[in-house]
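# Remarks on the overall topology
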Protein chains: 2
Amino acid sequence: MHITPTQLTQLSHDILAAYGFTPEHQKSITHTLVTAQQDQCHSHGAWRLLGLIDTLKHGKISATATPTITQDVGSIVKIDAHMGSATTAFSVGLPRLIEKAQQNGIALLAINHCVHFSALWVEIEQLTQAGLIAINSTPSHAWVAPAGSTKPLLGTNPLGFGFPRINPQEPYVFDFATSATARGEIQLHHRHGTQMPEGLAIDAQGNPTTDPAAAMQGAMLTFGGHKGSAISTMVELLAGIAIGDMTSQESMAFADGTPTLPYGGEIIIAIDPKILLGDDWTAHQQRSEDFLNQFNASGARLPSQRRFKARAQNQQQGYIELDDNLYADLQNLLTLAN
Amino acid sequence: MHITPTQLTQLSHDILAAYGFTPEHQKSITHTLVTAQQDQCHSHGAWRLLGLIDTLKHGKISATATPTITQDVGSIVKIDAHMGSATTAFSVGLPRLIEKAQQNGIALLAINHCVHFSALWVEIEQLTQAGLIAINSTPSHAWVAPAGSTKPLLGTNPLGFGFPRINPQEPYVFDFATSATARGEIQLHHRHGTQMPEGLAIDAQGNPTTDPAAAMQGAMLTFGGHKGSAISTMVELLAGIAIGDMTSQESMAFADGTPTLPYGGEIIIAIDPKILLGDDWTAHQQRSEDFLNQFNASGARLPSQRRFKARAQNQQQGYIELDDNLYADLQNLLTLAN
């Protein structure tokens, strides 16, 4: 079906309000989900509302938490989300992160005790639009075995990066799981009864498997072998331990067998190239354009280009594609709440 | 043959002095090469002196440059290496980077106009020994094609990361090329007339190849497909463009057909967990120990453990393994200079 961004925004607000989410949570969560839906990134779009409400029902997210700044010193800002959505805590920390990056050249925002449910790139884009370079990451649930092991010690641990381009609407942005595939892909194969490609997972005995059920009993693998494994471990240390928050193992223990969303910390680093380069930034940014323009010319697609294209198309046509069943599920969610 | 660290240090100093390198360059370069040799990382050890002197003969490194601090504001330090070795510039910038990280929680050291020739982990370890978390990276020469392309737009672009562990001698450290293999591995296959494993390179027509000669005419691939390609591109943008220095393409153009070492910039980010966590750092660091100790217990080897083992063994036995031919080459280098 077709739905306008305004309609989808209203529906998301209504659902969240019906389940007691504060206006701040309604706003930040809806912004993230509608952006993902508009970008035709269905796996991170409106259907995440189902998981979010499920998480609420299991008591693993707070609908009414107000994030508080717990530290603001030097180039560091720390926010306690008090078990609320990461998106709301990010909104609270963002202005201070931008200020500090613009003042000191580099700054770090740590979000504690937050629930993660969607894409990192939505945050990255808010930083590139402020002219900043950004890196963000978060642990998740321990579903992924490090290279050489059969034990799931790591999360899918997404890593986001953004670099401002001259067209602010199309920064260089990537945001990917450091696992070889997304958890949702395995779940999708399981639901459809299809086999997975090779190299993505192992069974409970540590043998390679293409069977989604066996994979969910076993462990997912990291992308890129021992190198991806190292990067995923870095995410646990940097976005978990170093900010005093959970590892993916601890997040999973906290979920306590419920199918709830990852809970823990997030780290966001912002760098202001105008502090590093002053007036020379303009010339160097032009060099980055020349560099990146070669990618497309040589057949490589830059990360996010498919999203940007979908976004432009959806903005032009004035509506977003939404799965009929999902719309029914969302309406149902609303009915059940009222 | 066996050589004591003292003897190898002296030999390296003598060679560098004979070719006119200043005492500061002698010291920093030797420290890096002897550390790598001691860790039995032969590819980054004493034999790099041959490439260094070759680079000097081609006029692509300065033996007498004195690095200068060009910016020291907020959480940023910039050093101009003036075409000297990156190791020397790092030594000059390190105290200020540590101070800023300890003061502001996060800080960034940018090195410009430096020649790169060895391992990033030697620098990382100096930061973990100061109790800091560290990330560093540098572009190299454009030998690597991004995913989906046949054109070498990227360097081997190593990425280093370190996290301080309770035993300061064995931090969590990784340092790897974001290419699927190291350039030196391909050169080694070429020299030995052996075929390479699959998946590492393409020929000039963009077809997969295991022939090292065809690979050197074509392009290397990134590790981990489009994700590794994205990370390698991040390195070009962050450690090249954002600090106003060369991309790997530009470094290669600067080499102008000579087999000289990469020239350009390097970025080092340091984070002080004691600022992020205060007194709680001790407890959280213990959690990281518990987390990392599970890796070995479950069959996964942590990055650098092989190096640490070799280092301990070499320290205990009091000598380092050095290839006889390499020793002869080094002696020859010394004779030729005098």
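Just above sits the structure.
Residues numbered from 1 in each chain as written. Chains lettered and ligands numbered in written order. Predicted model: local features only at pLDDT ≥ 70, side-chain atom pairs only at ≥ 80, totals over all residues. Heavy atoms only, no water.

A separate point is the overall build of chain A. Broken down by element type, chain A carries 13 helices and 13 strands. Compactness check: chain A gives a C-alpha radius of gyration of 20 Å against a globular reference of 20 Å for 338 residues, within 12% of the reference. Projecting the C-alpha coordinates of chain A onto the three principal axes gives extents of approximately 55 × 50 × 45 Å. If you take every contact in chain A between residues at least 6 apart in sequence, the share linking residues at least 24 apart comes to 67%. If you sum the accessible surface of chain A, you get close to 12,600 Å²; carbon and sulfur atoms cover 52% of it. (Helix = DSSP H or I, 4+ residues; strand = E, 2+ residues; numbered from the N terminus. Rg over C-alpha atoms; globule rule 2.2 N^0.38 Å. Contact = heavy atoms within 4.5 Å. Areas by Shrake-Rupley, 256 points an atom, 1.4 Å probe, with all protein chains shown as cover.)

Now for the sheet that holds strand S9 (residues 201-202) of chain A. Residue and element names in this part refer to chain A. Sheet architecture is open: four strands sit in the order S6-S11-S9-S10, paired in mixed fashion. If you trace the sheet from one side to the other, it starts and ends with strand S6 (144-145) and strand S10 (208-209), each paired once. The pairing of S6 with strand S11 (residues 219-221) spans two bridges and is classified as parallel. Within S11, the position partnered with Val-144 by the bridge is Met-220. (Pairing = 2+ DSSP bridges.)

Residues and elements named next belong to chain A. With respect to the helices and strands, Arg-301 occurs in the loop between helix H11 (281-297) and helix H12 (305-317). Sequence-wise, Arg-301 and Glu-321 are 20 residues apart; in three dimensions their C-alpha atoms are separated by 24 Å. If near-sequence neighbours (up to four positions away) are discounted, Arg-301 is found in contact with Asn-296 and Arg-306.

To continue, consider the side chain of Thr-178 of chain B. Residues and elements named next belong to chain B. Its location among the elements puts Thr-178 in the loop between strand S8 (172-176) and helix H6 (183-192). Here the side chain of Thr-178 touches Ser-232 through a polar contact of 3.4 Å, side chain to side chain. When near neighbours in sequence (up to four residues on either side) are disregarded, Thr-178 contacts Gly-155, Thr-156, Asn-157, Pro-158, Leu-159, Thr-222, Phe-223, Gly-228, Ile-231 and Ser-232. (Polar contact = N/O pair within 3.5 Å; in protein donor to acceptor, adjacent residues only side chain to side chain.)

Counted according to the given criterion, the structure contains seven cavities of 30 Å³ or more. For the largest cavity, the calculated volume is near 250 Å³. Breaking the lining of the largest cavity down by element, the ones donating at least two residues are strand S5 (133-137), helix H8 (225-239) and strand S12 (263-271) of chain A together with strand S5 (133-137), helix H8 (225-239) and strand S12 (263-271) of chain B. Residues of the lining of the largest cavity, tallied by class, amount to 15 nonpolar, four polar and no charged. For the second largest cavity, the calculated volume is near 60 Å³. In terms of residue class, the lining of the second largest cavity is made up of five nonpolar, four polar and one charged. (1 Å grid on protein atoms, 1.4 Å probe; cavity = no way out; pocket = protein on both sides within 12 Å on 5 of 7 lines; lining within 4 Å. Points joined across faces, edges and corners; volume = space filled by probe spheres on them. Nonpolar A, V, L, I, M, F, W, Y, C, P; charged D, E, K, R; others polar.)

Here the focus is the interface of chain B and chain A. Taken residue by residue, the interface counts 67 residues in chain B and 67 residues in chain A. Summed over the three residues of chain B that lose the most area to chain A, namely Lys-227, Leu-276 and Phe-291 of chain B, the buried surface amounts to 13% of that side. Across the contact surface, chain B and chain A share two salt bridges. Here Glu-250 of chain A makes a salt bridge to Arg-287 of chain B, at a shortest N to O gap of 2.4 Å. When residues in the side of chain B that touches chain A are grouped by element, the largest group, nine residues, is from H8 of chain B. Considered class by class, the residues forming the side of chain B that touches chain A number 40 nonpolar, 20 polar and seven charged. (Buried area = accessible area lost by both parts, 1.4 Å probe. Salt bridge = Lys/Arg side-chain N within 4 Å of Asp/Glu carboxyl O.)

Summed over all chains, the structure comprises 20 salt bridges over all chains. When the shortest N-O distance is used, the salt bridge between Arg-96 of chain A and Asp-72 of chain A registers 2.5 Å. Placement of the pair is Arg-96 of chain A in helix H4 (residues 86-104) and Asp-72 of chain A in strand S2 (residues 68-73), with a sequence separation of 24 residues. The exposure class of Asp-72 of chain A is partly exposed, given its relative accessible area of 35%. The residue Asp-272 of chain B makes a salt bridge to Lys-274 of chain B at a minimum N-O spacing of 3.2 Å. Residue class for Lys-274 of chain B comes out partly exposed when judged on its relative accessible area of 37%. Several salt bridges share partner residues, and in doing so they unite Asp-39, Glu-125, Arg-307 and Arg-311 of chain A into one network. (Buried < 20%, exposed > 50% of the residue type's maximum accessible area, 1.4 Å probe, protein only.)

All right, on to the relation of the copies chain B and chain A then. In this arrangement, two copies of a chain are superimposed by a rotation about an axis accompanied by a shift along the axis. When chain B is fitted onto chain A, the two copies agree to an RMSD of 0.0 Å after a turn of 180° and an axial shift of 0.0 Å. Each copy turns onto its partner about a two-fold axis. When C-alpha distances to the rotation axis are compared across chain B, the minimum falls at Gly-224 of chain B, with a value of 1.9 Å. Both copies present the same face, since 100% of the interface residues in chain B are matched by interface residues at the equivalent positions in chain A. (Least-squares fit on C-alpha atoms with pLDDT ≥ 70 in both.)

Moving on: the packing of aromatic side chains. The final tally for this structure, using the stated rule, is 17 aromatic pairs over all chains. Consider the rings of Phe-174 of chain B and Phe-176 of chain B, whose centres lie 5.1 Å apart with planes at 20°: the pair is stacked. Summarising the burial analysis for this pair, Phe-174 of chain B and Phe-176 of chain B share the class buried. Among the aromatic side chains, those forming a connected cluster through ring pairs are Phe-161, Tyr-172, Phe-174, Phe-176 and Phe-223 of chain A together with Phe-161, Tyr-172, Phe-174, Phe-176 and Phe-223 of chain B. Note that Arg-307 of chain A overlies the ring of Phe-308 of chain A, its terminal NZ or CZ placed 5.3 Å from the centroid. (Phe/Tyr/Trp six-rings, centres within 6.5 Å; stacked < 30°, edge-to-face > 60°. Lys NZ or Arg CZ within 6 Å of the ring centre and 35° of its normal.)

All names here are of chain A. Among the five residues in strand S3 (residues 76-80), five count as buried, and that is most of the element. What you see with S3 is no split at all: Ile-76, Lys-78 and Asp-80 on one side and Val-77 and Ile-79 on the other are buried throughout. Two elements, S2 and S3, share five bridges in a ladder whose sense is antiparallel. Along S3, the bridge assignment pairs Asp-72 with Val-77. The hairpin formed by S2 and S3 contains two residues between the paired strands, and Gly-74 there has a positive phi angle of roughly 55°.

Here we come to H4 of chain A. Residue and element names in this part refer to chain A. A maximum bend of about 40° is found in H4 at Gly-93, where proline Pro-95 lies one to four positions downstream. Turning to H4, its buried residues number three or more, namely Ala-86, Thr-87, Thr-88, Ala-89, Phe-90, Gly-93, Leu-94, Leu-97, Ile-98, Lys-100, Ala-101 and Asn-104. In the stretch just after H4, Gly-105 is the one whose phi turns positive, near 95°. (Bend = angle between axes of the 7 residues up to and from the residue.)

Moving on to the sheet that holds strand S9 (residues 201-202) of chain B. Remark on secondary structure: sheet strands pair via backbone hydrogen bonds, oriented parallel or antiparallel. Spatial ordering of the open sheet is given by S6-S11-S9-S10 (chain B), a layout of four strands whose pairing is mixed. On the outer flanks of this sheet lie strand S6 (144-145) and strand S10 (208-209) of chain B, each paired with one strand and no other.

Take unusual backbone geometry next. Residue and element names in this part refer to chain A. Of note in this structure, His-82 is not a glycine but carries a positive phi near 50°. Looking at the secondary structure, you find His-82 in the loop between S3 and H4. For His-113, which is not glycine, the phi dihedral falls at a positive 55°. Relative to the assigned elements, His-113 resides in strand S4 (residues 106-115). According to the relative accessible area criterion, His-113 is partly exposed, its value standing at 29%.

Nonpolar side chains tend to gather and get buried jointly when the protein is soluble and globular. If you look at the biggest cluster of nonpolar residues, it comprises 88 residues, and the most contacted ones within it are Phe-161 of chain A together with Phe-161 of chain B. Core analysis: the next-biggest nonpolar cluster, separate from the first, contains 29 residues, Ile-15, Phe-21, Met-83 and Leu-330 of chain A among them. (Core = buried A, V, L, I, M, F, W, Y, C linked by side-chain atoms within 4.5 Å.)

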